[in-house]
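Architecture and fold: a report
The chain contents come next:
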Amino acid sequence: MAITLKRSMRQPTDHENLASVREKILSAAKEAKDAGRHDTLEVVLPAVRHTISEPIVLSAKENPELLSLDITIRGAYAGQAAITSLVRLDSKAFVKEEGKEYFTYQFEKKKGEKYPRFRDLFLNFRRIP
């Protein structure tokens, strides 16, 4: 996966994940603020599903230099890029319950944190109510 970051009057750069794009945005914001400019930044996502494992936060409260940028995030082709935080469940991790007709799955719990919040279940890209 490559993510193209376009900045006015600059060459596009490719990034492997959205976290690296966040760092590049913060870097561009600092550069604009230090130079006394107000820049326009466009993040163009390729037409694929981009999966993130943790939130990507761009906060002017935490990073006031972001006020030096107008940021647009868009897909390269309308409606074909998606950002999701889906966690794939490996079928090998399901355990058949002895004497029962069902399997169980144990979500990973990181030390000092809660289990992940479960919102929706998809099977073969279809939501199960």
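Our subject is the structure listed above.
Residues numbered from 1 in each chain as written. Predicted model: local features only at pLDDT ≥ 70, side-chain atom pairs only at ≥ 80, totals over all residues. Heavy atoms only, no water.

Here we look at the overall build of the protein
The number of helices and strands found in the protein is one helix and 10 strands. Secondary structure of the protein in N-to-C order comes out as β-β-α-β-β-β-β-β-β-β-β. A separation of at least 24 residues holds for 61% of the contacts in the protein among residues at least 6 apart in sequence. A total of about 10400 Å² of accessible surface is found on the protein, and carbon and sulfur atoms cover 51% of it. (Helix = DSSP H or I, 4+ residues; strand = E, 2+ residues; numbered from the N terminus. Contact = heavy atoms within 4.5 Å. Areas by Shrake-Rupley, 256 points an atom, 1.4 Å probe, with all protein chains shown as cover.)

Focus: helix H1 (residues 18-35)
Turn by turn, an α-helix covers 3.6 residues, leaving residues three or four places apart pointing in a common direction. Spanning 18 residues, H1 covers 26 Å between terminal C-alpha atoms, matching the ideal 26 Å at 1.5 Å per step. Within the span of H1, buried status applies to Leu18, Val21, Arg22, Ile25, Leu26, Ala28, Ala29 and Ala32. Within H1, the buried residues cover an arc of 160° as seen down the axis, which keeps them to one side. Gly36, located one to two residues past H1, shows a positive phi value of around 75°. (Expected span 1.5 Å × (residues − 1). Buried < 20%, exposed > 50% of the residue type's maximum accessible area, 1.4 Å probe, protein only. Arc of directions from axis to C-beta.)

As for the side chain of Arg22
As for its placement among the helices and strands, Arg22 is situated in helix H1. A polar atom in the side chain of Arg22 sits 2.9 Å from the side chain of Glu23. Once residues lying within four places of it in the same chain are set aside, the contact partners of Arg22 are Ile56, Val57, Leu58 and Asn63. (Polar contact = N/O pair within 3.5 Å; in protein donor to acceptor, adjacent residues only side chain to side chain.)

Digging into a nonpolar patch on the surface
Residues Ile56, Leu58, Ile71, Ile73 and Ile83 make up a contiguous nonpolar surface patch of roughly 380 Å² in combined accessible area. Position of Leu58 relative to the elements: it lies in the loop between strand S4 (49-51) and strand S5 (69-75). (Patch = residues over 30% accessible without salt bridge, like charges linked within 9 Å, V, L, I, M, F, W, Y side chains within 5 Å. Salt bridge = Lys/Arg side-chain N within 4 Å of Asp/Glu carboxyl O.)

Examining the environment of Asn63
The residue Asn63 is located in the loop between S4 and S5 in this model. Among the residues examined, Asn63 registers a relative accessible area of 13% and is labelled buried. Sequence separation between Asn63 and Leu26 is 37 residues; the distance between their C-alpha atoms is 7.7 Å. Once you skip the residues sitting within four places of it in the chain, Asn63 turns out to touch Arg22 and Leu26.

What about the pattern of salt bridges?
This model, assessed by the stated rule, comprises five salt bridges. The salt bridge partner of Glu42 is Arg74, with a shortest N-O separation of 2.6 Å. Separated by 32 residues along the polypeptide, Glu42 in strand S3 (residues 39-45) and Arg74 in strand S5 bring together distant segments of the chain. The exposure class of Glu42 is partly exposed, given its relative accessible area of 24%. If you follow the salt bridges from partner to partner, you end up with Glu31, Arg37 and Asp39 in one network.

A word on the nonpolar core
Among the nonpolar cores identified, the biggest contains 13 residues, and Ile25, Leu41, Val43, Leu66 and Leu69 are the most heavily contacted of them. Elements supplying a minimum of two residues to this core: H1 and S3. The greatest single-element share of this core, amounting to seven residues, is contributed by H1. For Leu69, the contacting residues outside a window of four places in its chain are Ile25, Ala28, Ala29, Ala32, His38, Asp39 and Leu41. (Core = buried A, V, L, I, M, F, W, Y, C linked by side-chain atoms within 4.5 Å.)

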